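# Remarks on the overall topology
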Amino acid sequence: AQSVTQLGSHVSVSEGALVLLRCNYSSSVPPYLFWYVQYPNQGLQLLLKYTSAATLVKGINGFEAEFKKSETSFHLTKPSAHMSDAAEYFCAVTAYTGRRALTFGSGTRLQVQP
Amino acid sequence: DVKVTQSSRYLVKRTGEKVFLECVQDMDHENMFWYRQDPGLGLRLIYFSYDVKMKEKGDIPEGYSVSREKKERFSLILESASTNQTSMYLCASRLAGGITGELFFGEGSRLTVL
């Protein structure tokens, strides 16, 4: 079975500062990794995904993530935070063994201070 | 745009009541999912369905059942609601053909069981 661990349930940054949200995965087979974002009172939407084509993945709204097999990590970054980035972010994993559904992490709430 | 519609945004029910949560998608997706979202726990998979009349248990199926009679509709049923089922319920859909496809989420149904 696959799992992900998100370090830090709350992260606060200043507007214009670097955003770094951490995700570590566990999988005995090659994983596929995702970041989803949830804005207040909305469902989740896909930010980006890693499907083994390239280790550095670029997503929407200036976010990117790097797959590091040696560190079993898939951290999400954005060079400069914007007030509109305030939301909850979820890392998720799946693989071609077992069930074909995503397993999500516990989420990280990002707060952006003016 | 893909649209996943959950019939009720907010519900209040009493312990022991039978509760139906309805989800409809308009993009002819084969796969549909029900997740439960709780603070600090992220999203946990309740049930999913690869196609009409097919269903598989997720991580927390106890106390829930599902129905998929038509491709566009996936219903979650709480046979006898209990207070520990107070939560946000999220429905999602995905095209078949691979596990790396994007999940499209509804806005959620917040259920309170008194």
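Our subject is the structure that appears above.
Not measured: the values here are computed from a predicted model. (Residues numbered from 1 in each chain as written. Chains lettered and ligands numbered in written order. Predicted model: local features only at pLDDT ≥ 70, side-chain atom pairs only at ≥ 80, totals over all residues. Heavy atoms only, no water.)

## Topic: the pairing of strand E9 (residues 87-94) of chain A
Residue and element names in this part refer to chain A. Summarising burial for E9: eight of the eight residues are buried, a large majority. Side-chain alternation along E9 places Ala87, Tyr89, Cys91 and Val93 on one buried face and Glu88, Phe90, Ala92 and Thr94 on a second face that is also buried. Pairing analysis gives seven bridges linking strand E4 (residues 32-38) to E9, with the strands arranged antiparallel. Paired with Tyr32 across the bridge in E9 is Thr94. Where E9 meets strand E11 (residues 108-113), three bridges bridge the pair, whose relative direction is antiparallel. What sits directly across from Glu88, in E11, is Arg109. (Buried < 20%, exposed > 50% of the residue type's maximum accessible area, 1.4 Å probe, protein only. Helix = DSSP H or I, 4+ residues; strand = E, 2+ residues; numbered from the N terminus. Pairing = 2+ DSSP bridges.)

## Considering the packing of aromatic side chains
Applying the stated criterion across every chain yields a total of 15 aromatic pairs over all chains. Aromatic pair Tyr25 of chain A and Phe67 of chain A: ring centres 5.6 Å apart, planes at 20°, arrangement stacked. Pair noted here: Tyr25 of chain A is in strand E3 (residues 19-26) and Phe67 of chain A is in strand E7 (residues 64-68), with a separation of 42 residues, a long-range link. Between Phe104 of chain A and Tyr35 of chain B, the aromatic rings sit 5.2 Å apart at their centres with planes inclined by 90°, giving edge-to-face as the arrangement. Highlighted residues: Phe104 of chain A in strand E10 (residues 103-104) and Tyr35 of chain B in strand E4 (residues 31-38), drawn from two different chains. With a relative accessible area of 6%, Phe104 of chain A lands in the buried category. Its relative accessible area of 1% is what places Tyr35 of chain B among the buried residues. A network of ring pairs unites the aromatic residues Phe34, Tyr36 and Phe104 of chain A together with Phe33, Tyr35, Phe48, Tyr50 and Phe105 of chain B as a single cluster. The ring of Tyr50 of chain B is capped by Arg100 of chain A, whose NZ or CZ atom sits 3.8 Å from the centre of that ring. (Phe/Tyr/Trp six-rings, centres within 6.5 Å; stacked < 30°, edge-to-face > 60°. Lys NZ or Arg CZ within 6 Å of the ring centre and 35° of its normal.)

## With respect to the nonpolar core
One finds Trp35, Leu48, Leu76 and Tyr89 of chain A to be the most contacted residues of the largest nonpolar core, which totals 27 residues. The set of elements that each furnish at least two residues to this core consists of strand E2 (10-14), E3, E4, strand E5 (44-50), E7, strand E8 (73-78), E9 and E11 of chain A. The residues contacting Tyr89 of chain A, other than those within four sequence positions of it, are Gln6, Leu21, Trp35, Tyr36, Val37, Leu47, Phe63, Leu76, Gly107, Thr108 and Leu110 of chain A. Phe33, Leu43, Phe48 and Leu103 of chain B belong to the second largest nonpolar core, which has 22 residues in total. (Core = buried A, V, L, I, M, F, W, Y, C linked by side-chain atoms within 4.5 Å. Contact = heavy atoms within 4.5 Å.)

## Side note on the sheet that holds strand E1 (residues 4-6) of chain B
Residues and elements named next belong to chain B. Overall, antiparallel pairing links the four strands, which are arranged E1-E3-E8-E7 in an open sheet. Taken across any chain shown, the strands that pair with only one partner, and hence form the sheet edges, are E1 and strand E7 (64-70). On average, each strand axis in the sheet is tilted by 20° relative to the strand beside it, whichever way the strands run. Pairing of strand E3 (residues 19-25) with strand E8 (residues 73-78) involves six bridges; the strand directions are antiparallel. Bridge assignment links Phe20 to a residue of E8, and that residue is Ile77. (Axes fitted to C-alpha atoms, helices over the stretch in contact; angles between N-to-C directions.)

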